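Geometric and topological summary
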Amino acid sequence: MLELLNVNPSSGEPIYKQLHEQIVRLIVGGQLQEEDVLPSVRQIAEYLAVNPMTVSRAIQQLVDQGWLERRRGQATRVAARSEAMESGVSLLEPQLDALLAQAKQLGVSLPELLQLINERW
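What counts, and at which threshold
Every chain's residues receive numbers from 1 upward, in the order its sequence appears when written. Restriction of local features to residues with pLDDT of at least 70 applies here, the model being predicted, together with a cutoff of 80 or more for giving and counting side-chain atom pairs; totals for whole chains, interfaces and linings are based on all residues. Working from all heavy atoms in the structure, the side-chain values ignore hydrogens and water. Labels follow the DSSP assignment, with helices taken as runs of H or I lasting at least four residues and strands as runs of E lasting at least two, numbered in each case from the N terminus. Think of it in three bands: residues with accessible area under 20% of the maximum for their type are buried, residues over 50% are exposed, and the middle band is partly exposed, with areas taken using a 1.4 Å probe on protein chains only. Pairing of aromatic side chains here covers Phe, Tyr and the six-membered ring of Trp, requires ring centres within 6.5 Å, and sorts the geometry by plane angle: under 30 degrees stacked, over 60 edge-to-face, intermediate tilted. Sitting over a ring, as applied to charges here, requires NZ of Lys or CZ of Arg to be within 6 Å of the ring centre and within 35 degrees of the ring normal. What a helix is expected to span follows from its residue count: subtract one and scale by 1.5 Å. The arc in question is the one spanned by the directions pointing from the helix axis to the C-beta atoms. Between two residues, a contact is recorded if the distance between any of their heavy atoms is within 4.5 Å. Throughout, an axis means a line fitted to C-alpha atoms (over the contacting stretch in the case of helices), and angles, computed between N-to-C directions, take values from 0 to 180 degrees. Any angle that is under 35 degrees is reported as roughly parallel, and any over 145 degrees as roughly antiparallel; angles of 65 to 115 degrees are reported as roughly perpendicular and all others as oblique. By convention the crossing between two helices is left-handed if the near helix lies anticlockwise of the far one by an angle smaller than a right angle, and right-handed if it lies clockwise. UniProt positions are given in the numbering used here, feature names are shortened, and annotations may be inferred rather than shown by experiment. A side-chain nitrogen of Lys or Arg and a carboxyl oxygen of Asp or Glu constitute a salt bridge if their distance falls within 4 Å.

Things to note about unusual backbone geometry
- With a phi angle near 75 degrees, Glu35 is a residue other than glycine that sits in the positive phi range.
- Mapped onto the elements of the fold, Glu35 is located in the loop between α1 (15–28) and α2 (41–48).
- Glu35 gets classed as partly exposed once you look at its relative accessible area, which sits at 38%.

Structure representation (structure tokens):
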């Protein structure tokens, strides 16, 4: 699993957010299945050469959101997925909202935007 993770420290996005989004995508995309065990915070931090507290923050957010579960004395595991988590579409909503806001600010019409999306698809 470690080889599937990477961070870009020079990105404008915080490292913990990059990790959070990557792990969610691995779960939604099926690379991580229910009950799969994650490497320890220390292992992830060493592999990515980042502060363990950064990794811990990302993992704790994923636990709080129900993506992962921690059991006392056991490794962190992928939690059972709810229907809300089954769709990768929910991951695109923030970017979609930003795209729509930018299109409106620039005066791009919906048909123009749809045409651009269709061309890129």
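Next, the rest of the story.
Brief notes about the environment of Val28
- Within the secondary structure, Val28 is located in helix α1.
- Residue classification places Val28 among the buried positions, given a relative accessible area of 18%.
- As a C-alpha pair, Val28 and Arg81 span 53 residues in sequence and 9.0 Å in three-dimensional space.

Considerations on the packing of aromatic side chains
- The tally for this structure, following the rule as stated, stands at zero aromatic pairs.
- Against the face of Tyr16 rests Arg57, its NZ or CZ located 3.7 Å from the ring centre.

Here's the deal with helix α3 (residues 52–64)
- Between the first and last C-alpha of α3 there are 18 Å, a value that for 13 residues agrees with the 18 Å anticipated at 1.5 Å per step.
- Every buried residue of α3 is accounted for by Val55, Ala58, Ile59 and Leu62. Burial along α3 is one-sided: seen end-on, the buried residues are contained in an arc of 95 degrees. Along α3, exposed side chains directed more than 90 degrees from the buried face belong to Met53 and Asp64.

Points about α2
- If you check which residues of α2 are buried, you get Ile44, Ala45 and Leu48. Taken around the axis of α2, the buried residues stretch over an arc of 95 degrees, which confines them to a single face. Counted as exposed and oriented over 90 degrees from the buried face of α2: Arg42 and Glu46.
- The elements touched by buried residues of α2 are α1 and α3.
- In the stretch just after α2, Ala49 is the one whose phi turns positive, near 55 degrees.

Focus on the packing of α2 against α3
- The N-to-C vectors of α2 and α3 enclose an angle of 125 degrees; their axes lie 8 Å apart at closest approach. The pairing of α2 with α3 is recorded here as oblique in orientation. Crossing of α2 against α3: the hand is right-handed. Contact residues: Val41, Ile44 and Ala45 in α2; Pro52, Val55, Ser56 and Ile59 in α3.

A look at the UniProt feature "domain: HTH gntR-type" (unreviewed entry) in the protein
- The UniProt record marks residues 13–81 with the feature "domain: HTH gntR-type" (unreviewed entry), using the residue numbering of this structure.
- Overall, residues 13–81 shows 51% helix and 6% strand. The separation of its end C-alpha atoms is 26 Å.

Some details on the pattern of salt bridges
- Counted under the stated rule, the structure contains three salt bridges.
- When the shortest N-O distance is used, the salt bridge between Glu69 and Arg71 registers 2.4 Å.
- What makes Arg71 partly exposed here is its relative accessible area of 36%.
- One network of salt bridges, in which partners are shared, links Glu35, Glu69 and Arg71.

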